[in-house]
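Letter by letter, the chains look like this.
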Amino acid sequence: MAEYMSMNTLRFIIHEMLQVEKLCALPRYQDYDKESFDILLDSTKAYADKALFPVFKEMDEQPARFENGKVIVHPSVGQIMKDSGERGAIGSTFDYEVGGLQLPHVLHSAVTHIAQSANNSLPGYTGLTGGAANLIISFGEQSLIEKFVPKMMKGEWAGTMCLTEPQAGSSLSDITTAASPNDDGSYQIKGQKIFISGGDHEYSENFVHLVLARVDGAPLGTKGISLFVVPKFRIKEDETLEPNDVITAGDFQKMGQKGYCTTHLVFGENDNCQGWLVGTKNKGLKHMFQMMNGARIDVGLTAVSTATAAYHASLQYAKERPQGRRVESGGVKNASEEQTPIINHPDVRRMLLLQKSITEGAIALLLQASLYQDMSEAGPEEDRVRYHDLLELLTPIAKTYPSEMGRVSISNGVQVLGGYGFCTDFPLEQYYRDIRIMALYEGTTGIQSLDLLGRKVIMKNGEAMKHLTKEIIETITNAANYDDLKPYAEELKNASKQLQEVIMHLVQYAMKGEHERFIADATVFMDFMSTITIAWQWLKMATVAKTALITGNTTFETSFYENKIHTMRFFFKYELPKIHGLKVTLMRPESLTILEQDQSILA
Ligand SMILES: Cc1cc2nc3c(=O)[nH]c(=O)nc-3n(C[C@H](O)[C@H](O)[C@H](O)COP(=O)(O)OP(=O)(O)OC[C@H]3O[C@@H](n4cnc5c(N)ncnc54)[C@H](O)[C@@H]3O)c2cc1C
């Protein structure tokens with residue numbers, strides 16, 4: 001079977017870099033140890049090899065579709081729901097009391113990385129179900145938890161998140177789906193939601209939709225949005241199901257992730273759709289952010305996993321494809337020699353190393369963010385707010401960097417295959433199509449960038465940024481202990497200084513009341529700050545690798561650690577210097593994108 005991810009790299013990050021075993025000293029995770037983590041990783045890989053990877057291409061060739069009023073999906077959707085329910089994988093991070101396994105988020109993310117690398121269309125079905133169940137557990141009344149959560153955790157019922165409407169995509173404040181109170185405490189729901197992932201198919205008995213809607217008379221904007229649980233089928237007194245006036249109007253046909261259905265749902269067309277309030281009235285968007293933040297990390301994981309699988313496919317090809325000869329000293333090529341595998345050409349190695357540096361840097365960041373989540377929920381009381389702030393700050397980057405740079409990475413993978421990269425006999429073109437959605441859903445790159453610069457960087461007077469800077473300085477200090485890492489530590493120190501300079505410069509606009517100017521180049525800032533963040537992760541990995549080599553305390557072959565240091569050096573030579581150009585753009589006083597009187601520029 002083709003390799004689609006590296007278990008060794010995953011283990012290196014989990015055990016040697018993040019030392020997740022330390023979590024087991026916390027009361028919440030005391031039932032786990034290194035061995036049980038490894039068993040989980042290995043069994044997930046075995047499952048992914050057997051059940052997920054083999055249907056990856058087939059699901060693209062047999063896309064989800066709407067036929068005779070039904071959404072048809074690949075049968076493996078039913079299988080993963082069932083298997084995940086049996087394995088306890090849906091809601092594995094939940095408390096024991098509600099049937100969860102109290103698995104650390106960082107392990108859950110590692111497992112998700114394995115599954116998504118094998119097949120980026122399938123794990124979303126269970127991921128959304130877990131996210132929806134978690135929302136009910138966190139904010140719903142006990143009766144709602146009892147009614148819906150157990151069946152969702154068993155994989156019998158599916159969950160979705162229903163935010164988007166035709167006129168309300170990025171701008172959720174414009175949601176119009178209505179909720180009118182009934183006498184029994186429930187609500188009549190009326191409206192339509194589009195682009196709903198996993199919204200309907202024949203392999204789940206029921207669909208539990210978490211719907212954002214507006215209670216009659218609610219204030220305009222985000223302060224008037226409430227959260228409801230709206231099942232496709234209502235549960236009658238005798239526990240049987242009856243239709244709840246949720247109609248599937250269609251399934252969007254897409255350029256990628258074709259195995260993952262994307263439905264158009266109509267609620268209450270016959271005025272017979274019942275929903276139940278989850279949490280506090282008018283606080284629905286705030287509650288929904290719990291699921292959205294989790295989904296943002298999941299999208300980042302899906303993006304990096306898709307790019308990881310593409311990297312491994314292009315690596316394998318590069319080792320096998322003979323083409324041309326190496327340039328010998330004097331610039332001559334010996335035509336009588338056999339052709340060399342393309343992996344030996346510097347430009348091909350550059351493309352492969354670019355993919356390796358982007359994907360491994362990104363997975364390190366995602367696992368780091370997940371570890372911060374664990375520490376924010378179960379770490380020592382006095383540290384929890386700090387870890388929470390770090391997670392909040394890094395979430396938009398953890399979603400966006402893999403989505404944007406993962407696409408660049410896969411494009412280089414296509415390039416490695418030459419013309420074959422464009423052909424359907426090889427998987428690169430599918431990965432290239434599949435990853436394109438990641439920069440769009442769960443908040444576009446533009447919206448994530450506004451969140452990063454306009455909210456997270458400045459939140460609590462820059463407190464989260466201070467925490468991040470401290471983490472970066474710690475990495476720099478550790479790296480500087482080794483002479484050959486010192487120059488890279490200096491470079492990151494300089495980059496971190498430039499980050500502060502750019503923030504100070506941009507914040508001045510906000511202080512002068514020029515808010516649109518402040519956020520106008522937020523996406524450029526995202527690119528700038530993400531690159532520095534990934535450089536931080538690489539220096540951290542390189543320092544751990546160096547320590548292992550020097551102490552001899554190694555789990556893998558020496559070359560594995562040397563390769564990590566080499567890839568860090570690659571990132572610092574080819575990627576980190578991009579920040580200088582981005583800084584010039586961010587500091588330049590010209591304002592060229594803000595709408596003025598004359599709109600004819602774009603005519
Ligand atoms: C395959 C797929 C699956 C999806 N799954 C779900 C799901 O399960 N549940 C769900 O609720 N939704 C889902 N969505 C919807 C998705 O989250 C939205 O498509 C996305 O948020 C963007 O909204 P939009 O398409 O209306 O684009 P728009 O909001 O119209 O954005 C268009 C462009 O304008 C930019 N833009 C918009 N507003 C601003 C602004 N204020 N400042 C700067 N730039 C701005 C955007 O960045 C973007 O580039 C899915 C979408 C797809 C395609």
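First, a word on what this report is: a plain description of the structure on this page. (Residues numbered from 1 in each chain as written. Predicted model: local features only at pLDDT ≥ 70, side-chain atom pairs only at ≥ 80, totals over all residues.)

Some thoughts on the overall build of the protein chain
Here comes step 1: The secondary structure content of the protein chain amounts to 18 helices and twelve strands.
Here comes step 2: For 603 residues, the compact-globule estimate of 2.2 N^0.38 gives 25 Å, and the C-alpha radius of gyration of the protein chain, at 25 Å, lies within 12% of that figure.
Here comes step 3: Expressed as lengths along the three principal axes of its C-alpha atoms, the size of the protein chain is roughly 85 × 60 × 60 Å.
Here comes step 4: Counting all 603 residues of the protein chain, 50% fall into the buried class.
Here comes step 5: Considering only intrachain contacts with a sequence separation of at least 6, the fraction spanning at least 24 residues in the protein chain is 75%. (Helix = DSSP H or I, 4+ residues; strand = E, 2+ residues; numbered from the N terminus. Rg over C-alpha atoms; globule rule 2.2 N^0.38 Å. Buried ≥ 20, exposed ≤ 12 C-beta atoms within 10 Å, placed from the backbone. Contact = placed C-beta atoms within 7 Å.)

As for helix α17 (residues 558-575)
Here comes step 1: An ideal rise of 1.5 Å per residue puts 26 Å on 18 residues; α17 measures up with 26 Å between its terminal C-alpha atoms.
Here comes step 2: Taken residue by residue, α17 has Tyr561, Lys564, Ile565, Thr567, Met568, Phe571 and Phe572 as its buried positions. Down the axis, α17 shows its buried residues gathered within 155° of arc, on one side only. For α17, the exposed residues lying more than 90 degrees away from the buried face are Thr558 and Ser559.
Here comes step 3: On its buried side, α17 packs onto α9 (346-378), α14 (486-511) and α16 (522-551). (Expected span 1.5 Å × (residues − 1). Arc of directions from axis to C-beta.)

Some thoughts on the site of the ligand
Here comes step 1: Taken together, 21 residues lie near the ligand, and Leu163, Gly169, Ser170, Phe195 and Gly446 sit nearest.
Here comes step 2: Within the residue set of the shell around the ligand, elements represented by two or more residues are β3 (157-162), β5 (187-197) and α12 (445-456).
Here comes step 3: For the shell around the ligand, the class distribution of residues is ten nonpolar, nine polar and two charged. (Near = placed C-beta within 6 Å. Nonpolar A, V, L, I, M, F, W, Y, C, P; charged D, E, K, R; others polar.)

What about the pairing of strand β7 (residues 226-231)?
Here comes step 1: Among the six residues in β7, six count as buried, and that is most of the element.
Here comes step 2: Burial along β7 is two-sided: Ser226, Phe228 and Val230 and Leu227, Val229 and Pro231, pointing in opposite directions, are all buried.
Here comes step 3: As paired elements, strand β6 (residues 206-215) and β7 share six bridges and run antiparallel to each other. Bridge pairing links leucine 212 to leucine 227 in β7. (Pairing = 2+ DSSP bridges.)

Re the packing of helix α8 (residues 284-320) against helix α11 (residues 428-435)
Here comes step 1: Look at α8 against α11: their axes get within 10 Å of each other, and the N-to-C directions meet at 165°. By the angle class used here, α8 and α11 are roughly antiparallel. Here α8 runs over α11; the crossing is left-handed. Contacts from Ala303, Thr306, Ala307, Ala309, Ala310, Ala313 and Ser314 in α8 reach Leu428, Tyr431, Asp434 and Ile435 in α11.
Here comes step 2: For the contact of α8 with α11, a count of residues per class yields eight nonpolar, two polar and one charged. (Axes fitted to C-alpha atoms, helices over the stretch in contact; angles between N-to-C directions. Parallel < 35°, antiparallel > 145°, perpendicular 65-115°, else oblique. Left-handed = near helix turned anticlockwise from the far one by under 90°.)

Let's talk about the packing of α14 against α16
Here comes step 1: Closest axis-to-axis distance for the α14/α16 pair is 10 Å, and the angle between their directions is 155°. With respect to α16, the axis of α14 lies roughly antiparallel. Here the hand of the crossing between α14 and α16 comes out left-handed. On the side of α14, the interface is formed by Tyr488, Ala489, Leu492, Ala495, Ser496, Leu499, Val502 and Leu506, while α16 contributes Phe525, Phe528, Met529, Ile532, Ala535, Trp536 and Leu539.

From the geometry alone we can't say anything about function, so treat these as descriptive.
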